[in-house]
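Fold and geometry: a report
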Amino acid sequence: MPIKPDLILKTVMRDRPRLHGYAWVVVGDPDAADDVLQEVSLLAMQKADQINDEAHLQGWLRETIRRQGMALRRKRFSQAAQLSTEVLAMLAEVTDDVINEEHAARKHALRHCIELLGDKSRQTLAMRYGQGMKPAEIAEQTGRPTRSVYQMITRAHTSLRDCITKQLSAKGDA
Amino acid sequence: MADQPRDIFKPEFLEAYLLGRLTEEQVQTLDAHLRRDAATRRQFVRATEIMSMVRDEFQGRAEQGTVQSHEPLLADFDQLLADLSRMEAAASVIPAPACPADDAIEQEDANDAGSRSAHDLAAVGGYALRLALSSRPAKRIYAYAGVAAAVLLAFVLFNPFGGNEDATDAPFATDHPNDSIKPGPVGPALNSPVATLTATHNAEWAGGPASAGLGIGDELHPNQRLTLTAGFAEITTARGAIAIIEAPATIEFTHNNNALRLHTGKLMGICETETSKGFLVRTTHMDVIDLGTRFGVQVDADTTGVHVFEGDVAVSPPDALDPQQGAQLGIGQSASARAGGPPIIAQADPDLMFVRDWTAVTSAPKVTGPIRYTASVPTALDFNQTEADDHILLIPEHNGLRLSKDIPVSKAELLDGHRFRADSKVPAGTVVDTYLLHGDIVGDDPDKGINFRGSIRFDRPILGVIANGIDLSRSHRALGLKGVTYPGMQVTSIVAENAGLEKSFEDKTVDAFVISEDRRTLSVAFDTGGSVDQLRVLVLDDEEKPTN
């Protein structure tokens, strides 16, 4: 029996960070990952009669994100270095293991850790994601080199990942 | 860019990869680690999910004026799903109402009410899902709030997006010879936005109400006309086609949500999604319809030229009714047309210059004056090959090049006769970005001369410039690009020698350059006459300390 459209909606919305994260890995750009996720989700709606159940949907979404993401990356970011197809497939397999794991806890930890960031890092992330500014635009507005902006965003993300891991680890130990 | 040994993996590679900041070698290192280490793969997946959550979180914070948190929305969403389920069940038993605007559809719908309703339900759900998955939280909210109403609408109108199809298609989609290219089902009402300004770089707009206060994210409406006087702008149509506009250019929007008029100037069209296929660029001389591709269009007073970089495009005279007047172009093909005439197909014109993607735009230094940055490199830079009377070109050559030998450069104006001489060297091993400034006015009239004055602002220190003709000619071997013809190509050539700058030459030319105190800005004066003028700029590639 084909999957119902409402279950597709529910699954895609619930798993958005995971699916978007995977699309980001494949296509290499968060905004382009949005495009991929939107297109793939629409496609899932259109092909609902060919998808059997949620497990089938999960695999179908992964594979379609990978295929469409790679095509988009080839066209839009052809000069950017890319992970191999084999590794992208391996990452898709890992994604399944992480479903729903500590999601709410991680979100809570994320908010806590963001408050621990330095003002400049927080401000840079807010400009990048909150206002949708490209790193070059942030650099132009703040008078800093574009590379420094990239470095700050990278470090902020790394710090947040480390912080969240520690937070969750401490909670687990407690 | 610092090199990374292949066998060293750093944890921050995970985030740096997602930000597109890894070198090819570093990506290979990451790939190898991910391939052999399950723990690294797991760590990477966690990192990607966290990065997406960070992005969502900051987007949510940016919208705090309208949204306090995502949780209430999710509660609404659950309600919405319940409504969807109820309506889907109802679709199989409720007869579909007629659509008064279309008798044929009415009959079809009456015969197939249940399945059609389910189909529309999926379509509306898909549309809502597109909005709901938008990167902008505000749009998600509207989607959550509006989707129930949209679903209800699906039971009232069988063609929920087709009510203004005429308005959507107007003025020029339905009568085009290529019948297979028609707008998709999602179209705007008469005054609905048909495009969005999605990015700008060094952009300046001509005055007037249409462009006053124009900012990224602004929606663009039918009949809105914009003149870009400097820099670049990226516009995304409601159907997802991307147009990168390069100044100077004037564009105008119509009721078609996947089209624009290009009155003058240059654009790169990028259509990579199914919905964006059929993107139409209309000029005075030609209609250009995308068939899933990447193409450039350039318009001046007399001619429109189009060049296909990927895929195919269909070209025809504007509003052509006869399919025979149209033609299809493939990769590497160009076409040009004058008013009233059919497009004439030719092979690629190497002098056509279009920025290929937005990444190339944003890496551009900030320029002032008659200096035009071009992200694509002309292949012919010898005398009388790439000419213009209204600008000089700033051409990016290398990014992250590690010098294999010392390169003599000038940091200040020191003269050797009437030519500049090098006063220092950039040592071998330094990683640099290089640019070439190129000025060559039209024709070779020895009495003709044009003064160009402008400046270039880099975000990294300028290591020096190569202004001496001989040094410049010698540097082509180490710093020039393969496949590009430079002046003379012989050290002893007079043309090559004259291609550099001169302080004075028979009392006619007074070329000059100044590097600012912070070493970020290069101001130049080209007095370009009977020869080409060129200057190569070396910029430190990374935040490495210069080793002069």
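Residues numbered from 1 in each chain as written. Chains lettered and ligands numbered in written order. Predicted model: local features only at pLDDT ≥ 70, side-chain atom pairs only at ≥ 80, totals over all residues.

Structural notes on the overall build of chain A
Basically, it comes down to this: Secondary structure counts use DSSP, requiring at least four H or I residues in a row for a helix and at least two E residues in a row for a strand, with both numbered from the N terminus. Put plainly, a residue is buried at 20 or more neighbouring C-beta atoms within 10 Å of its own, exposed at 12 or fewer, and partly exposed in between, counting only other residues' C-beta atoms, which are placed from the backbone. C-beta atoms are placed from the backbone for every residue, and two residues are taken to be in contact when these atoms lie within 7 Å.
Per the secondary structure count, chain A includes nine helices and zero strands. Scanning chain A from its N terminus toward the C terminus, one meets helices and strands in the order α-α-α-α-α-α-α-α-α. Per-residue burial for chain A yields a buried fraction of 44% across its 174 residues. Counting only contacts in chain A whose residues sit at least 6 apart along the sequence, the fraction spanning at least 24 positions is 71%.

Looking at the overall build of chain B
Secondary structure assignment for chain B yields 11 helices and 26 strands. Each of the 548 residues in chain B was classed as buried or not, and the buried ones make up 44%.

Observations concerning the pairing of strand β21 (residues 431-439) of chain B
Residue and element names in this part refer to chain B. Going by this rule: Paired strands are those between which DSSP finds at least two bridges.
Burial analysis of β21 places eight of its nine residues in the buried class, the great majority of the element. Judged from the seven bridges that link them, strand β16 (residues 392-402) and β21 form a sheet pairing that is antiparallel. Bridged to Leu401 within β21 is Val432. Sheet topology note: the β21/strand β26 (residues 533-540) ladder contains eight bridges and is antiparallel. Looking at β26, one finds that Tyr435 is bridged to Val537.

With respect to the environment of Ala249(B)
Residues and elements named next belong to chain B. With respect to the helices and strands, Ala249 occurs in strand β4 (residues 242-252). Sequence separation of Ala249 and Ala230 is 19 residues, and the distance between their C-alpha atoms is 8.7 Å. What Ala249 contacts, discounting residues up to four positions off in sequence, is Leu228, Leu262, Thr264, Gly265, Lys266 and Leu267.

Focus: the sheet that holds β26(B)
Residues and elements named next belong to chain B. Applicable threshold: In this description, a line fitted to the C-alpha atoms serves as the axis of each element, helices being fitted only across the stretch in contact, and the angle between N-to-C directions of two axes falls anywhere from 0 to 180 degrees.
Taken together, five strands build an open sheet; the order of strands is β15-β16-β21-β26-β23 and the sheet is mixed. The open sheet is flanked by β15 (371-373) and β23 (462-466), the only strands paired with a single partner. Between one strand axis and the next, the sheet turns by 25° as a mean value, whatever way the strands run. Here β15 runs beside β16; their pairing, made up of three bridges, is parallel. Paired with Tyr373 across the strands is Leu394, a residue of β16.

A few points about the packing of helix α7 (residues 119-130) of chain A against helix α3 (residues 38-62) of chain B
Using the following cut-off: Oblique is the label for any angle not covered by the other classes, which are roughly parallel (under 35 degrees), roughly antiparallel (over 145) and roughly perpendicular (65 to 115).
It is the contact of α7(A) with α3(B), at a shortest axis distance of 8 Å, that shows an interaxial angle of 85°. With respect to each other, α7(A) and α3(B) are oriented roughly perpendicular. The residues of α3(B) that touch α7(A), namely those facing Leu125(A), Ala126(A), Tyr129(A) and Gly130(A), are Val54(B), Arg55(B), Phe58(B), Gln59(B), Arg61(B) and Ala62(B).

Some words on unusual backbone geometry
Residue and element names in this part refer to chain B. Residue Pro248 follows Ala247 across a cis peptide bond; omega there is -5°. Structurally, Pro248 can be placed in strand β4. In this model, Asn223 sits at a positive phi of 75°, which is unusual for a non-glycine residue. Note that Asn223 resides in the loop between β2 (219-220) and β3 (225-237). Overall, Asn223 belongs to the exposed group, with 11 C-beta atoms counted inside 10 Å. Even without being glycine, Arg519 reaches a positive phi, approximately 65°. With respect to the helices, strands and loops of the structure, Arg519 is situated in the loop between β24 (512-515) and β25 (521-528).

A short note on α7(A)
When α7(A) is considered as a whole, its buried residues turn out to be Thr124(A), Leu125(A), Met127(A), Arg128(A) and Tyr129(A). Positive backbone phi, at 70°, marks Gly132(A), one or two positions downstream of α7(A).

A closer look at the sheet that holds strand β14 (residues 366-368) of chain B
Residues and elements named next belong to chain B. Spatially, four strands are ordered β14-β22-β25-β24 in an open sheet, and the strand pairing comes out antiparallel. The two strands at the open ends of the sheet, each matched to only one other strand, are β14 and β24. Averaged over all pairs of adjacent strands, the angle between their axes in this sheet comes to 15°, without regard to strand direction. Pairing geometry for β24 and β25, over four bridges, is antiparallel. Bridged to Val514 within β25 is Ser523.

Details of the pairing of β25(B)
All names here are of chain B. Pairing geometry for strand β22 (residues 450-457) and β25, over eight bridges, is antiparallel. Its bridge partner lying in β25, Arg453 is registered against Ala525. Taking the residues that link successive antiparallel strands as the turn, the β24-β25 hairpin has five residues, and the phi of Arg519 there is positive, at about 65°.

Observations concerning the packing of helix α2 (residues 16-27) of chain A against α3(B)
Applied cut-off: Following the grouping adopted for this structure description, the nonpolar residues are Ala, Val, Leu, Ile, Met, Phe, Trp, Tyr, Cys and Pro, the charged ones are Asp, Glu, Lys and Arg, and the polar ones are all others, Gly among them.
It is at 8 Å that the axes of α2(A) and α3(B) come closest, and there the two elements cross at 110°. With respect to their mutual orientation, α2(A) and α3(B) come out roughly perpendicular. Of α3(B), the residues touching α2(A) (which contributes Pro17(A), Arg18(A), His20(A), Gly21(A), Tyr22(A), Trp24(A) and Val25(A)) are Thr48(B), Glu49(B), Met51(B), Ser52(B), Met53(B) and Asp56(B). In the contact of α2(A) with α3(B), the residues fall into six nonpolar, four polar and three charged.

Description of the nonpolar core
Where we set the bar: By our criterion, buried Ala, Val, Leu, Ile, Met, Phe, Trp, Tyr and Cys residues that link up through C-beta atoms within 7 Å make up a nonpolar core. Domain extents, as shown, originate in an automatic or database domain assignment.
Core analysis: the biggest nonpolar cluster contains 82 residues, and Ile245(B), Leu267(B), Val288(B), Val306(B), Val313(B), Leu394(B) and Val537(B) have the highest contact counts within it. Considering each element in turn, this core owes the most residues, seven residues, to β4(B). In terms of domain composition, this core takes at least three residues from each of domain 3 (175-347) and domain 4 (363-540) of chain B. Setting aside its immediate chain neighbours within four residues, Val313(B) contacts Val288(B), Ile289(B), Asp290(B), Leu291(B), Thr293(B), Phe295(B), Val306(B), Val308(B) and Leu329(B). Counting residues in hydrophobic clusters, the runner-up holds 61 residues, among them Ile8(A), Leu37(A), Ile164(A) and Leu22(B).

Observations concerning the environment of Arg73(A)
Residues and elements named next belong to chain A. In this structure, Arg73 sits in helix α4 (residues 54-76). Once the C-alpha coordinates of Arg73 and Ala33 are considered, the two residues, 40 residues apart in sequence, prove to be 9.8 Å apart. When near neighbours in sequence (up to four residues on either side) are disregarded, Arg73 contacts Val26, Val27, Gly28 and Gln82.

Comments concerning the environment of Ile395(B)
Residues and elements named next belong to chain B. Inspection of the secondary structure puts Ile395 in strand β16. In the structure, Ile395 is positioned 41 residues away from Leu436 in sequence and 5.1 Å away in space, judged by C-alpha atoms. For Ile395, the residues in contact, after removing those within four places along its chain, are Thr374, Val377, Tyr435, Leu436 and His438.

Some words on the confidence of the model for chain B
All names here are of chain B. Note the following rule: Each residue carries a pLDDT score, the predictor's own confidence in it, on a scale running from 0 to 100.
Of the residues in chain B, 63% reach a pLDDT of 70 or more, and the chain-wide mean stands at 70. Element-level mean pLDDT values for chain B span from 32 in helix α8 (residues 165-169) up to 94 in β23. A low-confidence stretch, residues 83-127 stays under pLDDT 50, and its non-local contacts, those more than four residues away or across chains, total 61 contacts. Across residues 489-495, where pLDDT falls below 50, the model places 10 contacts with residues more than four positions away in sequence or in other chains.

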